[in-house]
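One letter stands for each residue in the lines below.
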Amino acid sequence: SADHVIGIDTFIGDDGKKTLLFSDYKSGVVRRLFPVSGSEYTVGPGFSVASPVELRVRFARDGQSHRVSQLLVRAADGTETSATRVPLSEKEVRFQGSDATLAGTLIMPESKAPVPAIILLHGSGPLTRYSFGPYPHFFASLGFAVLVYDKRSAGSSTGEYLSKNAYYPEPFIQDALAAIHFLENQKRIRKSAIGLWGSSEGGMLATQVAARTRNAAFVINSSGFMMPLWKEMLYNRRAQLQSDGFSASEIADAVQFQKLRFRVGQTGAGWDEYQKMRSRLRDRKWFPMFFGEGTSRLETVRWQWLHVYSFDPLPAVGKVRCPVLGVFGALDTSTPAPVAVANMRRMLAKAGNADVTLKIFPDANHALAQAQTGSDTEIARSKGQAPGLFDTLRFWLLHRVHASE
């Protein structure tokens, strides 16, 4: 029906494997599809749990064009429903950033009139256009053109992820500004209705981009950090290890080492103390989770502080004047939701921005999926996105964008 849409998205998770996601935007169910044959798949009880089978999904092709035209979904009790394909077009695109060529996909809804558009911004790391889970076709189902692209240095995009002369997150801000400019020059795009959605780093980044241009019609920050990056990382060390069940002494050691690393990076002093502590802790189970092998060069630690960890997003947030939606999870182990909401509210009030909606979803993790503790170990068993999340996004966007046509 018109108010019940299913999304099928290509997704590449942390394991690097490409899969398909089944997303029910009405119920919030988001699950991986497990192939049975070329056209048949099953859905299990959790995000990436295969059995017991809860749904059987079959793609039916048109007899003449052989294009998939219908989705047949059979529940465990034998009830079968069908969905007809929403008319969309997708095309490969490229646009030029300051020092990189960005490659991506532009999804366009069927419409004779110009449509609003939304650019999706990645979380941290060299991610591709397939990192956005259920969101590309969710926004397309609302009548938006959707632009997703491979992050610089990832996928088919060129450029260096973060050069030694760059300061975080400037290259990524410039790439997003280039994406806005690209959409402004596309036919059938409403130039006055181009906005940004981002998750995690991308949520923070969306606010930075909107502070640089008047051409951002709206911003959605989904779990993006709203405090100096070094403070956010200290929060993460403590919160993640707590959710994973580590002891108080292990958590204290991890936080202490992170503080020491920041202090060495900021001042250049204490290198011998850092090396000794690194040798003592490097075999701990949590050490590679946060520090990899741990750098053995003072110059690297100094560069990381000066070029990355000292970054504070809040001054720019105080310059954002377009409508802003912030959505956060109460069990987020990367971004402290109450702090993010308080800081956004304070800085946006300084900007005189009265169109601000901020919401914390209970029992939701960093990805705004259903959770009990927020631990990464729960992700595979998650039933779907936080109840009411898709409805919140839908209502907020349609009220501000389509209502202004």
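Just so you know, these numbers come straight off a predicted model, no measurement behind them.

Visitor: Please clarify how the packing of helix 4 (residues 229-243) against helix 8 (residues 298-309) should be interpreted in this entry.
Guide: The description of two helices packed together rests on the angle between their axes and the distance between the axes. The geometry of helix 4 relative to helix 8 is characterised by a closest axis approach of 10 Å and an angle of 105° between their N-to-C directions. With respect to their mutual orientation, helix 4 and helix 8 come out roughly perpendicular. Facing helix 4, whose interface residues are Leu229, Trp230 and Met233, helix 8 presents Trp305, Val308 and Tyr309. Taken together, the residues that form the contact of helix 4 with helix 8 break down as 6 nonpolar, no polar and no charged.

Visitor: How should the pattern of salt bridges be read in this particular structure?
Guide: Opposite charge on two side chains permits pairing when their charged atoms draw close. Counted according to the given criterion, the structure contains 15 salt bridges. When the shortest N-O distance is used, the salt bridge between lysine 151 and glutamate 201 registers 2.6 Å. Pair noted here: lysine 151 is in the loop between strand 11 (145-149) and helix 2 (170-184) and glutamate 201 is in helix 3 (residues 201-212), with a separation of 50 residues, a long-range link. Classification of glutamate 201 as buried rests on a relative accessible area of 5%. In the salt-bridge network here, residues are joined through shared partners; they are Glu92, Arg129 and Asp150.

Visitor: Looking at this structure, I do not really get the nonpolar core. What am I missing?
Guide: In globular proteins that are soluble, nonpolar side chains generally tend to be buried together. Counting residues in each nonpolar core, the largest one holds 74 residues, and the members touching the most others are Ile119, Leu147, Tyr149, Tyr168, Leu196 and Trp286. If we ignore the near neighbours within four places in the chain, the residues touching leucine 147 are Val93, Phe95, Thr105, Leu106, Ile118, Ile119, Leu120, Ala179, Phe182 and Leu183. In terms of nonpolar packing, the next biggest core, distinct from the first, is built from 33 residues, Leu21, Phe139, Val327 and Trp396 among them.

Visitor: Would you mind showing me how to read the sheet that holds strand 2 (residues 18-24) here?
Guide: Think of a sheet as strands paired side by side through backbone hydrogen bonds, with each pair either parallel or antiparallel. Judged by pairing direction, the sheet is antiparallel, and its 7 strands sit side by side in the order 1-2-3-4-5-6-7 without closing on themselves. Only two strands of the sheet have a single partner each, and these edge strands are strand 1 (6-12) and strand 7 (80-84). On average, each strand axis in the sheet is tilted by 30° relative to the strand beside it, whichever way the strands run. Of the strand pairs in this sheet, strand 6 (residues 68-75) and strand 7 are connected by 5 bridges, and their pairing is antiparallel. Considered in strand 7, the bridge of valine 73 is made with threonine 81.

Visitor: Is there a simple way to explain the packing of helix 5 (residues 248-267) against helix 8 in this structure?
Guide: Running from amino to carboxyl end, helix 5 crosses helix 8 at an angle of 90°, the nearest separation of the two axes being 8 Å. Our classification of the angle between helix 5 and helix 8 gives roughly perpendicular. Counting all contacts with helix 5, which are made through Arg261, Phe262, Val264, Gly265, Gln266 and Thr267, the residues of helix 8 involved are Leu298, Val301, Arg302, Gln304, Trp305 and Tyr309.

Visitor: Can you help me understand the pairing of strand 14 (residues 324-329) in this one?
Guide: Sheet faces and side chains relate simply in a regular strand, where the side chains alternate between the two faces. For strand 14, the tally of buried residues reaches 6 of 6 residues, placing the bulk of the element in the interior. Burial along strand 14 is two-sided: Val324, Gly326 and Phe328 facing one way and Leu325, Val327 and Gly329 facing the other are all buried. Bridge analysis of strand 14 against strand 15 (residues 356-361) gives 6 bridges, and the strand direction is parallel. For valine 327, the partnering residue across the bridge sits in strand 15 and is lysine 359. For the crossover that starts at strand 14, traverses helix 10 (residues 337-350) and ends in the parallel strand 15, the hand is right-handed.

The rules behind these values
Residues numbered from 1 in each chain as written. Predicted model: local features only at pLDDT ≥ 70, side-chain atom pairs only at ≥ 80, totals over all residues. Heavy atoms only, no water. Axes fitted to C-alpha atoms, helices over the stretch in contact; angles between N-to-C directions. Helix = DSSP H or I, 4+ residues; strand = E, 2+ residues; numbered from the N terminus. Parallel < 35°, antiparallel > 145°, perpendicular 65-115°, else oblique. Contact = heavy atoms within 4.5 Å. Nonpolar A, V, L, I, M, F, W, Y, C, P; charged D, E, K, R; others polar. Salt bridge = Lys/Arg side-chain N within 4 Å of Asp/Glu carboxyl O. Buried < 20%, exposed > 50% of the residue type's maximum accessible area, 1.4 Å probe, protein only. Core = buried A, V, L, I, M, F, W, Y, C linked by side-chain atoms within 4.5 Å. Pairing = 2+ DSSP bridges. Right-handed = clockwise from strand over helix to strand, strands pointing away.

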